[in-house]
Amino acid sequence: MKDIVMTAETTLAKLGLTAAELSGGTLKVTSPIDGSLLAEVHETPAAEMGAILARAKAAFKAWRTVPAPRRGELIRLLGEELRAAKDDLGALVSWEAGKITSEGLGEVQEMIDICDFAVGLSRQLYGLTIASERPGHRMMETWHPAGPVGVISAFNFPVAVWSWNAALALVCGDPVIWKPSEKTPLTALACQKIFEKALARFGDAPDGLLQVLVGGADLGKALVESEDVPIISATGSTRMGRAVAPIVAQRFGKCILELGGNNAMIVGPSADLEMAVRAIVFSAVGTAGQRCTSLRRLIVHNSIKDDLVARLKRAYAGLPIGNPLTEGTLVGPLVDEAAGKAMAAALEAARAQGGTVFGGARVTQDVPEGGVYVEPAIVEMPGQTETVKTETFAPILYVLGYDDFSDALEIQNDVPQGLSSCVFTLNMREAEQFLSAAGSDCGIANVNIGPSGAEIGGAFGGEKETGGGRESGSDAWKAYMRRQTNTVNYSAELPLAQGVKFDI
Ligand code: UN1
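So, how was this worked out
Residues numbered from 1 in each chain as written. Predicted model: local features only at pLDDT ≥ 70, side-chain atom pairs only at ≥ 80, totals over all residues. UniProt positions renumbered as here; feature names shortened; annotations may be inferred. Near = placed C-beta within 6 Å. Nonpolar A, V, L, I, M, F, W, Y, C, P; charged D, E, K, R; others polar. Domains from an automatic or database assignment. Helix = DSSP H or I, 4+ residues; strand = E, 2+ residues; numbered from the N terminus. Contact = placed C-beta atoms within 7 Å. Pairing = 2+ DSSP bridges. Buried ≥ 20, exposed ≤ 12 C-beta atoms within 10 Å, placed from the backbone. Expected span 1.5 Å × (residues − 1). Axes fitted to C-alpha atoms, helices over the stretch in contact; angles between N-to-C directions. Parallel < 35°, antiparallel > 145°, perpendicular 65-115°, else oblique. Left-handed = near helix turned anticlockwise from the far one by under 90°.

- An unreviewed UniProt entry lists the protein under the name aldehyde dehydrogenase (NAD(+)), with Ruegeria sediminis as the source organism.
- The UniProt entry for the protein carries the following text under Sequence similarities (unreviewed entry): "Belongs to the aldehyde dehydrogenase family."
- Within the UniProt record for the protein, the comment given under Subunit (unreviewed entry) is "Homotetramer."

## Examining the site of the ligand
Argument step 1. All residues in the neighbourhood of the ligand are listed as Glu110, Asn156, Phe157, Val161, Thr235, Arg291, Cys292, Thr293, Ser452, Gly453 and Ala454.
Argument step 2. Of the residues contributing to the shell around the ligand, the split by class is four nonpolar, five polar and two charged.
Argument step 3. Taken domain by domain, the shell around the ligand gets at least three of its residues from each of domain 1 (50–259 + 467–484) and domain 2 (263–455).

## Brief notes about the environment of glutamate 327
Argument step 1. Residue position: glutamate 327 is located in the loop between helix H11 (302–317) and helix H12 (337–352).
Argument step 2. Distance in space between the C-alpha atoms of glutamate 327 and tyrosine 398 is 29 Å, their sequence separation being 71 residues.

## Here's the deal with the UniProt feature "active site" (unreviewed entry) in the protein
Argument step 1. Mapped onto this structure's residue numbering, the UniProt feature "active site" (unreviewed entry) falls at Glu258.
Argument step 2. In this fold, glutamate 258 is placed in strand S9 (residues 254–258).

## Structural notes on the environment of proline 32
Argument step 1. Here proline 32 shows up in the loop between strand S1 (27–30) and strand S2 (37–41).
Argument step 2. Taking the C-alpha atoms as reference points, proline 32 and valine 372, 340 residues apart in sequence, are found 7.2 Å from one another.
Argument step 3. In this structure, proline 32 is in contact with Ala97, Gly98, Pro333, Leu334, Val335, Asp336 and Gly371, ignoring residues within four places of it in sequence.

## Topic: the sheet that holds strand S23 (residues 481–489)
Argument step 1. Pairing within the open sheet is antiparallel, and its three strands lie in the order S3-S4-S23. Here the strands that pair on one side only, and so sit at the sheet edges, are strand S3 (129–130) and S23.
Argument step 2. One ladder, built from nine bridges, connects strand S4 (residues 137–145) with S23; its direction is antiparallel. Opposite proline 145, over in S23, you have methionine 481 as the bridge partner.

## Some remarks on the pairing of strand S18 (residues 420–424)
Argument step 1. For S18, the buried fraction is high: five of the five residues fall into the buried class.
Argument step 2. What you see with S18 is no split at all: Ser420, Cys422 and Phe424 on one side and Ser421 and Val423 on the other are buried throughout.
Argument step 3. With four bridges connecting them, strand S10 (residues 263–267) and S18 associate as parallel partners. Along S18, the bridge assignment pairs alanine 264 with serine 421.
Argument step 4. Sheet topology places S18 next to strand S19 (residues 444–447); four bridges connect them, and they run parallel. Paired with serine 421 across the bridge in S19 is alanine 445.

## Considerations on helix H9 (residues 238–250)
Argument step 1. For H9, which comprises 13 residues, the first-to-last C-alpha distance of 19 Å matches the rise-based estimate of 18 Å (1.5 Å per residue) to within 8%.
Argument step 2. All of the buried residues in H9 are Met240, Gly241, Val244 and Val248.
Argument step 3. Looking at the buried residues of H9, the elements they touch are helix H8 (217–225), strand S8 (231–235) and S9.
Argument step 4. The first or second residue beyond H9 is phenylalanine 252, which carries a positive phi of 60°.

## Here's the deal with the packing of helix H10 (residues 273–285) against H11
Argument step 1. For the pair H10 and H11, interaxial distance at closest approach is 10 Å and the crossing angle is 50°. Taken as axis vectors, H10 and H11 run oblique relative to one another. For H10 against H11, the interelement crossing comes out right-handed. Facing H10, whose interface residues are Leu273, Ala276, Val277, Ile280 and Val281, H11 presents Ile304, Asp307, Leu308, Arg311, Leu312 and Ala315.
Argument step 2. Grouping the constituent residues of the contact of H10 with H11 by class yields nine nonpolar, no polar and two charged.

## What about the sheet that holds S18?
Argument step 1. Here seven strands make up an open sheet; going across it, the order is S12-S15-S16-S11-S10-S18-S19 and the pairing mixed. Taken across any chain shown, the strands that pair with only one partner, and hence form the sheet edges, are strand S12 (356–359) and S19. Strand-to-strand twist of the sheet, defined as the mean angle between neighbouring strand axes without regard to direction, takes the value 20°.
Argument step 2. Where H11 meets the sheet, its contacts fall on S10, strand S11 (295–301), S12, strand S15 (377–380) and strand S16 (396–402), and the angle it forms with S11 comes to roughly 140°.
Argument step 3. Most of the contacts of helix H13 (residues 405–413) go to S16, to which it runs at about 150°, and overall it touches S10, S11, S16 and S18.

Written as C-alpha cells, this is what we have:
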C-alpha cells in the first residue's frame, strides 16, 4: 500500500505539517487501512503541562474581554479555512481513522456547520431579565466566559467532536486545551495548523487559544486534575468517564461527558420496511459500527421480524467491504486488532447466550493487507442478554422480537446506556408514545430516521452511562459559560427581599 502512504504524505504536507513534525517522535501513527506507518510524532512532555496551563490561563484573561461577536469572527475565519482544507482534512480522517471518503468529508462538513452555528451564536449569548419583587430594582442574568476548557476526544470522530467543543468554547470566551486520541494525533495537528491560519488572518488574538497535547493518558490525567481547567469535555468509553468524572467533581470542576451508547431501533408492524432497511444498514454498518450513535439493537415486531431480517441479510451480503479510499466501498476497517478481537469475543458471547450469528467473519480477500476488515454481523437473540447490554465498538446488530409496543419500549430502555434511539412506524400513537415522558429514555429519540448521523443544530448527548453531557447545538453553549445573577437597585431606598427588616 505504498502509494496510499505517499498520498497521505502529500496531504499532510498540504495541510502544513512539516517533515520534522512527522518524524523522529515516539508516538507511532499507523493507518487502520493497511497498518502502514504514517508518522512518528513528538509527544508533549508531561513537564510542559505547567507552561501549557499557564498559557491557557493568560489567554483566558485576554480573550474573555474581547467582545463575543469579535470572537465569532475568529470562528468565521476558521470555517472558511476548513472549507478550503475540506478535501485534504477529510482524506486525512480517512487515513487516520479508516473512514470511507464520503464520511471523512462529512466529518469536516460537520465542523464547518458548527462554525457557522457558533458565528451566529456569538451574537446570541442571551441572558434573561427577571422581575424583581423590590421597587426600583432590576434583575438579570449574564453569561460570562468560564475559563480554559479541556477537550478529550476519541478516534472515531477525531475532528468533528473537537470542533463542536472548540467552536462553542471560543465564542464563549474560553481557550481550549485538546487531548486527542493517541490513535489520531495527525488530524489534531492538522486542525491546529488550520486554526493557526484563521488566527493569522484574525490578527490580534492572544497566544494559547488552542493547545494540542500529543500523547497518552497521563496528559489527559494532568488536564483532568488541573484546577486551572474548570470545564472538561470528554468523549469516549464509559470506563474513561467513570475515571474522569470523580476527579473533576472533587475539585468542583464541570464535566461534559459523551460516553457509550447502545442505540436501538424499534420497528413497528406499520413501518415502511424499505426505508427502515436503508436506515438500519447505514446506522449499523456505517463507520464500521464505530460511531457512538451506531445502531446496535433492532427491536422488531414479531409479525415482520423474519421478513425484515431476510431483507437485511440480503443487503448485508452485498456490502462492499474494503479500502475506504476506493470509490463505492461502504465498510472500511476497524480501528485496530484489539477492536477485531473485541468483536470476535462479543460474537462468541452472543452464541453462548443463545444467539444465531449471520456474518461477522474476518475478511482477508480483496482488502488491503495489514488492516482489520470484518463482515458486519446480524445476531438474532432470544432475549436482551448481558452481551446485548454491552457496547461493542464494531458492526454487530442484535435483533430482538416483541409483540406489544410497551414491551418494545421496556426492552429499548433496559440497558445502562442512553444516547440515541429511534422508532420506525407509520402509527402516530406509537410515534408519540416513543417521544413521550414514558417513551425513550435517551438524549436523542427519532421517528422514521436512524439513530446516527445527527445534525449539529440539536444538542448532542445522552443519559445514564452516556454521561448526561450535551454538546453542539441548541443551548449546549451554556455549559461553556458561567451564569451570573445581577440585581441592580436604581432607587434611593434599600428594601430587603422577603420583607426582612434590619434597621440600623
Ligand atoms: C460520535 O460518534 O462520537 O450523530 C459522534 C452522529 C455524528 C456524531 C457522532 N454526527 O452520528
